[in-house]
Structures are given as structure tokens and as C-alpha cells.
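# Breakdown of the fold
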Amino acid sequence: MPVSVSVIIVNWNSGNLLAECVKHVKVQTVQPAQILIVDNASSDNSLAGISEFGANIKLLRLNTNIGFSAANNFALSECDTDFIVLLNPDVFPAADWLERLVEAANNHPDVAAFGSRQLSQIDHDILDGTGDIYHVSGLAWRNRHGEKQHKRDLITREIFSPCAAAALYRRSVLNDVGGFDEDFFCYLEDVDIGFRMRLAGHKSLYVP
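My aim in this report is to walk through the structure given alongside it, one point at a time.

About the thresholds
Residues numbered from 1 in each chain as written. Predicted model: local features only at pLDDT ≥ 70, side-chain atom pairs only at ≥ 80, totals over all residues. Heavy atoms only, no water. Helix = DSSP H or I, 4+ residues; strand = E, 2+ residues; numbered from the N terminus. Buried < 20%, exposed > 50% of the residue type's maximum accessible area, 1.4 Å probe, protein only. Phe/Tyr/Trp six-rings, centres within 6.5 Å; stacked < 30°, edge-to-face > 60°. Pairing = 2+ DSSP bridges. Salt bridge = Lys/Arg side-chain N within 4 Å of Asp/Glu carboxyl O. Arc of directions from axis to C-beta. Contact = heavy atoms within 4.5 Å.

### Topic: unusual backbone geometry
- In this structure, Arg144 takes a positive phi of about 70 degrees despite not being glycine.
- The residue Arg144 is located in the loop between β9 (140-142) and β10 (157-159) in this model.
- For Leu188, which is not glycine, the phi dihedral falls at a positive 70 degrees.
- Among the structural elements, Leu188 can be located in the loop between α4 (171-176) and α5 (189-199).
- Overall, Leu188 belongs to the partly exposed group, its relative accessible area being 44%.

### Structural notes on the packing of aromatic side chains
- Per the stated rule, a full pass over the model turns up 4 aromatic pairs.
- Both rings, one in Tyr169 and one in Phe180, keep their centres 6.2 Å apart while their planes meet at 90 degrees; by these two values the pair is edge-to-face. Placement of Tyr169 in strand β11 (residues 166-170) and of Phe180 in the loop between α4 and α5 is noted, with a sequence separation of 11 residues between them.
- Since its relative accessible area comes to 0%, Tyr169 is described here as buried.
- Taken together, Tyr134, Phe160 and Phe195 form an aromatic cluster joined through their ring pairs.

### With respect to the pairing of strand β12 (residues 204-207)
- Where burial is concerned, the two faces of β12 agree: the one with Ser204 and Tyr206 and the one with Leu205 and Val207 are both buried.
- In this sheet, β12 lies alongside strand β5 (residues 113-116) in parallel orientation, the contact comprising 4 bridges. Bridged to Ser116 within β12 is Val207.
- Summarising the sheet, β10 and β12 pair through 3 bridges and their orientation is antiparallel.

### Focus: the pattern of salt bridges
- Using the criterion set out here, one finds 9 salt bridges in the structure.
- Glu147 serves as the salt-bridge partner of Arg144, at 2.3 Å between the closest nitrogen and oxygen.
- When its relative accessible area of 8% is taken as the criterion, Arg144 is described as buried.
- Given a relative accessible area of 38%, Glu147 falls into the partly exposed group.
- A salt bridge links Asp192 to Arg196, with the shortest nitrogen-to-oxygen separation between them at 2.9 Å. Of this pair, Asp192 and Arg196 both sit in helix α5, 4 residues apart, which is roughly one turn of that helix.
- For Arg196, a relative accessible area of 21% translates into the label partly exposed.
- Sharing partners across several salt bridges, the network here consists of Asp96, Arg100 and Glu103.

### Some remarks on helix α1 (residues 17-26)
- Looking at α1, one finds that the buried residues are Leu18, Ala19, Cys21, Val22 and Val25. The arc enclosing the buried residues of α1, seen along the axis, measures out at 160 degrees, which places them on a common side.

### Side note on the environment of Val5
- Among the secondary structure elements, Val5 is positioned in strand β1 (residues 5-11).
- Given the relative accessible area of 0%, Val5 is considered buried.
- On a C-alpha basis, the gap between Val5 and Arg196 in space is 22 Å, while along the polypeptide they are 191 residues apart.
- Not counting residues within four places of it along the chain, the set of residues in contact with Val5 comprises Pro32, Ala33, Gln34, Thr81, Phe83, Val85, Leu98 and Val102.

Next up, the structure:
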């Protein structure tokens, strides 16, 4: 399976969570070409020891907290891979997580973005979400957040947009739609870019 993936992790005072997240990325069955950690001027010790995880980690330190959207755009400008993966530092992916996302992308060349089945760390029977919903009223929320898993949650399906806490995008499409809107400092930026992708004729897929 040909792989050309950059994993972007935006960090801000994540403590020990960041190292745990990187540990899980480093044991993926399919390894990314690079892991970019954008640090939004953290004041804690979350970056301690990160450089020891390997040569494919690139640490981008910012002097001020520019927000989630702008930090991702900054990292995106440093990438030339086919795919971009966004991963929050408090997300600990299963070992075959990236392999499954890339496999879905290869099997669905007409889809631009791929979302994950996200589980509660406290109780793996409880969902953290299965993708974003955008309602006709203008409200948006994470589908199935806080609900107990069901068999239907194991079925691949089209979604409005993936939650950017754990998602894969085609880099060309991210660039074509102009990246993330930096007016969204934090939260709802994934719904917005999913909306703009749809307006440009692209689709998103849930990969359980």
C-alpha cells in the first residue's frame, strides 16, 4: 500500500498526553512520512522528550498561541505528502488506525476526507463521536457523542464532515479550498472546511 502521509498534532499545554499520543503514532502498522507537532506557545512540560521519538518528528514552536486552525495551516504549508492527518494530543489511535484510513482513501478516490470512530478513553463502550453533523438551523454537533456503541456504528457511511480530532484529508483538496478558516480559533473549523469541501463537490466518509 503506497503511503505518503503527514500527521499534524497541534499542542497547547497537553502535559503527558502528547507523549502518549506520539507513542501510539510510532507503533502504527503504516508509518507516516513525518509527524509535525505545532506547539502553540505551551508553558508546561508537554514537549519534554518528544525529540527522542525519532528523526521523522518535526517540532514547530510558535511564540504565541495562534489557535488550532492557524497552527494546522502553518503545518500544512510544510507538507508535500498526498494525505494530511490531523490528530489531537489527547487521542490514542489503535495500531491499525492509519492503515485503515489510508486503505479507505485508496478504495474511495472520489472522497476527500475520512473520519474515525472515536471512543471515550474512560469507557470504550461509549462513543466520543462518529463525525460532524450540520443542521439546517445552523447548529452543528458531533454525531453520537456520549452514546453507547451500536452495530450501526461499525458501518462505513458518508458523513457531513469528519471531526478533526482524528481525520485524514487529501492535501490537494485542503489546499484547493484554502485550508482552515482562521476566524475559527478553536472548534467548528472542521465543520466549516467540510462545508466548503461539499460546496466544491467533495464528499466525506466515516471509517469505523
